[in-house]
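# Examination of the molecular architecture
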Amino acid sequence: MKYGHFSENGREYIITRLDLPRPWINYLSNERYCSITSHTGSGYSFYESSGYDRVTREYPVETLLQGRPGRQLYMRDMKTGKYWSLNGNLVSKEPQSWETRHGLGYTKVKSVNYDIEGEVTYYVPLHDSCEIWMVRVKNITDKLRKLSAFPYVEFCLGNYAFDMMERNFANLFNEMSIEDEVIYATKRYWNIPVARRRAKDSLYSLNTNSAWDKYAFFGSSFKPDGFDCLKEKFLGLHNAWHNPLAVEEGKCFNSMGSGEDSIGALQYTFELAPNEEKEFVVILGTVYQKEEARVLISKYNTPEKAKNEFERLQQYWDDYVEHVKVETPDKEFDLSVNIWNKYQTWITAYWSRMDSAYIGGGSILGFRDTAQDILGVLPFDLQRSKDRTALILKHQFQDGSCIHNWDPRTNLGTKTGHSDDPLWLIMSVVNYIKESGDWSFLNELVEFYDYGQETVYDHLLKAIDRALLMRSPDLGGLGISLMGAADWNDGLDQIGREGRGESVMTTEFLCWMLLEMAEIAEYQRDHKLSKRYLADYKKLKEKLNFLCWDGEWYIRATNDKGEVIGSSKNDEGKIYLNAQSWAVLSGVATGERACICMDSVKHHLDTKYGPLLYSPAYKEPDPDIGIISRFAPGTKENGTVFNHTVCWTVIAECILGRGDRAYEYFKKTSFIERGKEPDVYRVEPYVYAEFIYGPDSVDFGQGSFTWTTGTAAWMWRACLDWVLGVRPHFEGLLVDPCIPSHWTEFKVKRYFRNALYEIEVKNPDGVCKGIKEIKMDGEKMKSNLLPAMSDSKRHIVEVTMGEAQPVSGREKNIIQSLKSML
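Residues numbered from 1 in each chain as written. Predicted model: local features only at pLDDT ≥ 70, side-chain atom pairs only at ≥ 80, totals over all residues. Heavy atoms only, no water.

Buried together is how nonpolar side chains tend to be arranged in soluble globular proteins. Core analysis: the largest hydrophobic core is formed by 237 residues, its most contacted members being Phe 155, Phe 217, Trp 340, Ile 426, Ile 464 and Ile 759. Of all the elements, helix H13 (residues 504–523) adds the most residues to this core, at 13 residues. Those residues in contact with Phe 217 that lie beyond four places of it in its chain are Cys 130, Val 182, Ile 183, Tyr 184, Ile 283, Leu 284, Gly 285, Thr 286, Val 287, Ala 293, Leu 296 and Ile 297. Judged by nonpolar contacts, the second largest core, of 15 residues, contains Tyr 83, Val 91, Leu 235 and Val 247. (Core = buried A, V, L, I, M, F, W, Y, C linked by side-chain atoms within 4.5 Å. Buried < 20%, exposed > 50% of the residue type's maximum accessible area, 1.4 Å probe, protein only. Helix = DSSP H or I, 4+ residues; strand = E, 2+ residues; numbered from the N terminus. Contact = heavy atoms within 4.5 Å.)

Before going further, it helps to spend a moment on the sheet that holds strand S14 (residues 174–179). Taken in spatial order, the 10 strands line up as S1-S2-S9-S10-S11-S12-S21-S18-S15-S14 in an open sheet, and their pairing is antiparallel. The open sheet has two edge strands, strand S1 (4–6) and S14, and neither has a second partner. Between one strand and the next, the sheet's axes are offset by a mean angle of 15 degrees, whatever the strand orientation. Judged from the 3 bridges that link them, strand S15 (residues 182–187) and strand S18 (residues 215–220) form a sheet pairing that is antiparallel. (Pairing = 2+ DSSP bridges. Axes fitted to C-alpha atoms, helices over the stretch in contact; angles between N-to-C directions.)

Turning our eyes to something else, we now look at the packing of helix H8 (residues 331–351) against helix H21 (residues 711–723). At a minimum axis separation of 8 Å, H8 and H21 run at an interaxial angle of 140 degrees. By the criterion of interaxial angle, the relationship of H8 to H21 is oblique. Remark: the crossing between H8 and H21 carries left-handed chirality. Residues Phe 333, Val 337, Asn 341, Lys 342, Gln 344, Thr 345 and Thr 348 of H8 touch H21, and the partners they reach there are Ala 712, Ala 713, Met 715, Trp 716, Cys 719 and Val 723. Within the contact of H8 with H21, the residues separate by chemical class into 8 nonpolar, 4 polar and 1 charged. (Parallel < 35°, antiparallel > 145°, perpendicular 65-115°, else oblique. Left-handed = near helix turned anticlockwise from the far one by under 90°. Nonpolar A, V, L, I, M, F, W, Y, C, P; charged D, E, K, R; others polar.)

Another aspect to go through is unusual backbone geometry. For the bond from Ser 615 to Pro 616, the omega torsion is -10 degrees, close enough to zero to count as cis. Within the secondary structure, Pro 616 sits in the loop between strand S34 (614–615) and strand S35 (641–642). Of note, the phi angle at Arg 753 is positive, near 50 degrees, even though the residue is not glycine. Its relative accessible area of 16% is what places Arg 753 among the buried residues.

A word on the pattern of salt bridges. Under the criterion given, the structure shown has 78 salt bridges. Of the charged contacts, one joins Asp 599 and Arg 658 as a salt bridge, the two residues approaching to 2.9 Å between their closest N and O atoms. Residue Asp 599 is located in helix H16 (residues 591–604), and its partner Arg 658 is located in the loop between helix H17 (643–655) and helix H18 (659–669); the two are separated by 59 residues in the primary sequence. For Lys 636, the salt bridge is made with Glu 690, and the minimal N-O distance between the two is 3.1 Å. Here Lys 636 is found in the loop between S34 and S35, whereas its partner Glu 690 is found in strand S36 (residues 689–692), with 54 residues between them in sequence. Taking relative accessible area as the criterion, Lys 636 reaches 18% and is therefore assigned buried. In the salt-bridge network here, residues are joined through shared partners; they are Arg 57, Glu 154, Asp 163, Arg 167, Lys 231 and Asp 261. (Salt bridge = Lys/Arg side-chain N within 4 Å of Asp/Glu carboxyl O.)

This is the structure:
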């Protein structure tokens with residue numbers, strides 16, 4: 001590979017060149033502290049909130065690529081006056097050698113400059129609000145060398161937007177101190193909205209006149225020979241990051257002051273005999289009280305202590321990736337599912353869309369985003385998944401509507417009226433119960449966002465009732481779901497602004513959740529309600545198939561004028577991907593019609609980089625559609641390969657039993673596959689991008705908006721649950737693979753409700769779908785639904801694929817219910 005490659009065990013991506021086409025970053029994080037780190041070690045850090053609790057400063061993406069300012073570790077030969085960055089960047093001279101290894105929870109930068117070998121390992125401990133730099137420096141010459149190290153960070157302190165837009169003014173509130181050889185930085189003003197309560201628990205915000213309630217601290221394992229707290233002093237008035245005055249002159253100025261641009265810089269001077277190496281530790285973090293910083297520094301202030309914590313971090317990730325493991329004929333598929341896609345889902349589950357190299361500076365959690373991100377961690381962390389599901393429920397109103405997004409620090413949110421929001425609430429609860437079998441969760445009391453509390457089951461009933469209520473009238477409309485502010489595609493924000501536009505995708509989503517709610521109602525012994533939901537499903541399914549079928553595919557929406565979107569009658573946006581895939585996911589499209597609409601996807605939308613979100617792209621903005629038409633053609637959601645939607649396309653093809661096509665779509669959009677053309681794809685070849693530029697762009701094939709995308713969770717589940725076909729169900733673990741016909745066998749190791757299932761599948765006939773025989777612990781099973789075992793034991797499952805396949809589980813229940821109704 002031109003710029004790098006995966007390590008032999010797949011746990012690291014090794015970058016071998018500095019001149020990458022985009023920043024290739026890593027997330028170093030625990031539940032509270034996050035450090036976004038580029039391939040040079042540059043980047044920025046925050047605590048819990050990217051918007052309101054920044055520790056270090058973020059610059060635009062182009063400066064992140066250049067490693068500015070981020071974390072720097074300058075080195076200087078005190079005899080020759082030569083200086084360099086141990087990170088390998090900034091200083092003009094190219095290093096003699098350089099590489100970076102992005103691993104699970106850490107980044108390691110190694111370089112050789114002027115015959116000094118240096119290595120910095122950056123990581124965030126499992127539970128503490130700090131980051132550790134483990135530094136190793138070695139003299140590879142036969143001469144005595146006298147060196148100075150200058151660790152450097154640039155502080156932001158609190159509100160990111162305030163610092164970015166009003167920096168000179170914001171600096172006036174900075175307050176610096178150094179105590180016991182540790183630099184402390186805080187801000188005397190913290191402009192953050194605070195939630196207050198009045199009247200009937202309605203919320204309003206008030207901007208407080210208060211100080212930032214934390215300290216950033218910067219310390220080390222060595223006794224510093226000097227320090228600086230002021231940027232102008234360390235860099236020099238006429239110098240910059242590539243030639244700091246303190247490094248040029250070989251001494252810090254011990255600058256201290258408040259009300260100025262604040263940094264943390266330490267100096268450590270030492271000698272190295274020939275082939276001698278020295279190790280030291282740098283610690284950056286945030287605390288509420290200075291005493292907490294002293295405790296943290298004491299905890300990590302020797303190389304041995306720092307290494308011990310690093311080993312604990314590696315053990316955590318070893319355990320995590322082993323919890324679910326697959327083995328297939330495609331080693332790149334395994335690398336994605338076992339390690340890197342799995343790792344990305346963990347990051348999105350903790351930080352959602354809060355910050356990345358492309359977006360951020362806010363502190364917002366999306367209702368829909370959070371619901372989907374949970375999918376990626378359900379098999380690994382049931383408690384966190386339950387807590388996040390309860391958090392979603394707490395952002396529902398009594399009338400069943402929901403907050404579209406909110407700030408977790410203040411709990412202030414925005415109610416937009418997106419038509420799909422209540423349905424994601426249902427999906428979250430359904431997914432949690434399927435994984436855990438915890439039906440008692442339905443009886444737990446959870447508060448509403450506005451006032452009062454009711455059981456989780458009541459929350460579900462209000463959500464589905466709200467979705468059923470928000471439909472257009474049969475007279476003058478199609479009688480399907482109203483678009484509202486938008487649906488899953490936020491860019492369709494003008495279709496229903498007057499309250500008449502309709503969404504086919506939301507209606508399909510509603511159909512899917514009606515089937516789930518019918519089954520939940522049965523478990524609750526609410527048989528009458530279950531039948532009502534099935535009746536509603538039947539009516540909506542008939543409407544969609546009668547009124548929204550365009551001949552070869554389903555339309556996407558209608559606008560307030562009653563005009564059709566996503567039809568063969570349109571010049572642009574003729575066919576939308578989601579309307580087809582979700583028709584299959586929901587069971588609205590079955591049999592021949594399901595195949596026809598998905599064949600239309602293949603014919604009209606597929607490209608060498610995967611299927612487009614829709615086509616053709618909008619060349620001119622359409623005020624009756626929305627911002628989706630205002631993006632430049634071939635960018636963001638205007639005619640791109642939007643990877644999130646590709647996941648649903650993979651699932652739809654699996655439902656149809658077309659494993660070769662499902663696998664083809666997976667491969668085309670796989671970050672590993674796309675990374676084989678690094679100068680086209682440009683972004684990280686080890687995580688999913690939100691989208692790939694479409695054919696209407698000169699950058700067709702380029703990825704963008706990496707890491708923080710719903711693609712992570714959905715593609716991981718598409719691969720495990722639908723391609724390999726091992727997915728949780730209310731009644732047990734379903735085995736229903738849909739694989740490429742050339743796969744002769746595969747294995748899945750998966751924990752499910754306290755038991756370990758080791759599943760080995762043979763495909764002697766080269767089929768894509770179908771099970772001839774299945775055995776569990778040597779006993780032949782009557783169906784492909786494995787019982788949920790709570791015995792904490794290991795169970796061996798042997799599967800032989802073939803043309804015959806039993807129908808069982810949820811599918812059987814729904815088919816029987818529909819038959820009895822119809």
